[in-house]
Amino acid sequence: FIAGAIGFWLANPLFQAKIRVQASMANGSAKPLGASTSLRNTLKSEGILGLYRGSGILMARGALLSSGAQLGYDYVKTLVLKKELISDGPALHFISSISSAILAVTFCTPADLVLTKYQSAASLGIRYNGVADCIKQTIASDGIVGLYKGWVPLFARVGPLFVINMPMYEQCRRLLGLSYMK
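Okay, so let's go over this structure. It should be emphasised that the depicted structure is a prediction, and the values quoted were computed from it without experimental measurement.

Before going further, it helps to spend a moment on the packing of helix α4 (residues 90-124) against helix α6 (residues 151-175). A pair of packed helices is captured by two measures, namely the crossing angle of their axes and the spacing between those axes. Direction vectors running N to C along α4 and α6 enclose 140°, while the axes themselves pass 8 Å from each other. Looking at the two axes, α4 sits oblique to α6. Helix-helix and strand crossings are classified by hand; for α4 and α6 the assignment is right-handed. Among the residues forming the contact of α4 with α6, the class breakdown is 16 nonpolar, 7 polar and 2 charged.

Before going further, it helps to examine unusual backbone geometry. At E84, a position not held by glycine, the phi torsion is positive, near 55°. Tracing the backbone shows E84 in the loop between α3 (55-82) and α4. The class of E84 is exposed, set by a relative accessible area of 70%.

Turning our eyes to something else, we now look at the nonpolar core. If you look at the biggest cluster of nonpolar residues, it comprises 12 residues: I19, I57, L58, A111, L113, V114, L115, Y118, A121, Y128, C134 and L147. Listed by contribution, the elements that provide at least two residues to this core are α3 and α4. When residues of this core are assigned to their parent elements, the largest contribution, 6 residues, is made by α4. Excluding its chain neighbours within four sequence positions, the residues that come into contact with I57 are A111, V114, L115, Y118 and V131. Counting 11 residues, the second largest nonpolar core, distinct from the first, contains A101, A104, V105 and M166.

Criteria and thresholds
- Residues numbered from 1 in each chain as written.
- Predicted model: local features only at pLDDT ≥ 70, side-chain atom pairs only at ≥ 80, totals over all residues.
- Heavy atoms only, no water.
- Axes fitted to C-alpha atoms, helices over the stretch in contact; angles between N-to-C directions.
- Helix = DSSP H or I, 4+ residues; strand = E, 2+ residues; numbered from the N terminus.
- Parallel < 35°, antiparallel > 145°, perpendicular 65-115°, else oblique.
- Left-handed = near helix turned anticlockwise from the far one by under 90°.
- Nonpolar A, V, L, I, M, F, W, Y, C, P; charged D, E, K, R; others polar.
- Buried < 20%, exposed > 50% of the residue type's maximum accessible area, 1.4 Å probe, protein only.
- Core = buried A, V, L, I, M, F, W, Y, C linked by side-chain atoms within 4.5 Å.
- Contact = heavy atoms within 4.5 Å.

In structure tokens:
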């Protein structure tokens, strides 16, 4: 968990630059910013701390994504094996992977949405008085369901990754004689 949090914290400037470049393009900027221009602009206007704006949310997003993924995979796999519905093998790994993706995306989408809104606010001319204010304004304008905007595209991106990665990991363990994870 700590190594992942540090990794997300270190990656925050690049993640923020990506979000701001996308926001400038969506905002109809005459000339879209590049990542290096976005980083320079942030450094110039907001200082070194500006590069880490929203890093806490990014770390929370990573933790939520990982916990949802592990909970979804392990819980479904354990439950199905315990009830003897399917034997341990590729079919069970596929089902567990889909469950993993659903839970991972459901857990992290609110943090993902808030992160994107918060980090792109400056380039869109929007002002939030912190992350809590961003969440409050989002819920006030769109309701709790508004925190799940973007669930479908995120699932479309994460789902196939999980469906390929997790069963392959299990199969590699089996091929190396390590047996299936239990």
